[in-house]
Amino acid sequence: MTTRQQIKGVCPHDCPDTCGLVTEVENGRIVNFYGDPDHPVTEGWLCAKVRPYPDHVYHPDRLQYPLRRVGPKGSGQWQQISWEAAIGEIGQRWREIIANYGAEAILPYSYSGTLGLVQMAWPAVAFGTGWGPAS
Ligand code: SF4
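Quantities reported herein were computed from a predicted structural model and do not represent experimental measurements.

A. Structural context of the overall build of the protein chain. For the protein chain, the count of helices and strands is 3 helices and 5 strands. Taking all 135 residues of the protein chain together, 4% fall into the buried category. Here the analysis covers contacts within the protein chain between residues at least 6 apart in sequence; of these, 22% occur between residues at least 24 apart.

And the structure:
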């Protein structure tokens, strides 16, 4: 049986109008995506950056799992690894850097850019640096 859902949301970018989104999903797959005509400001409009989001989601080259580089930089040689292995390796490297050079040797990459408050705030929360980059 085919089931079609209509899911309303808002664009995650930082524009003041915060465009409304409608995503139609059929059997777990996006079949239609457009601006919400009920949004009081943008009335169904979406910019060219966001209109092709479903193409990003289903692009065959989309990275969906961690990869470890197994050749020289730029050689394009990668090996798929588990999330547990990736997080474990990163944690181990961070612990070594902190032990050898101090925590200030790791630069949290803080930014706001296009992804809103949550994206901007997580490094500050993770590294306990407050708002903005570590000083
Ligand atoms: S759809 Fe485009 S214009 Fe609208 S909030 Fe998102 S990025 Fe901004």
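Let us keep going from here.
B. Representation of the site of the ligand in the model. Every residue near the ligand is listed here: Cys11, His13, Cys15, Asp17, Thr18, Cys19, Leu46, Cys47, Lys49 and Val50. For the shell around the ligand, the per-class residue count stands at 6 nonpolar, 2 polar and 2 charged.

C. Up close: the sheet that holds strand β3 (residues 29–35). Overall, antiparallel pairing links the 3 strands, which are arranged β1-β2-β3 in an open sheet. Where the open sheet ends on each side, the last strands, each with one partner, are β1 (4–10) and β3. Taking the axes of each pair of neighbouring strands and ignoring which way they run, one obtains an average angle of 20° across the sheet. Pairing between strand β2 (residues 20–26) and β3: 6 bridges, direction antiparallel. Its bridge partner being in β3, valine 25 is matched across the sheet by isoleucine 30.

Cut-offs and rules
Residues numbered from 1 in each chain as written. Predicted model: local features only at pLDDT ≥ 70, side-chain atom pairs only at ≥ 80, totals over all residues. Helix = DSSP H or I, 4+ residues; strand = E, 2+ residues; numbered from the N terminus. Buried ≥ 20, exposed ≤ 12 C-beta atoms within 10 Å, placed from the backbone. Contact = placed C-beta atoms within 7 Å. Near = placed C-beta within 6 Å. Nonpolar A, V, L, I, M, F, W, Y, C, P; charged D, E, K, R; others polar. Pairing = 2+ DSSP bridges. Axes fitted to C-alpha atoms, helices over the stretch in contact; angles between N-to-C directions.

Shape descriptors only; they carry no functional weight alone.
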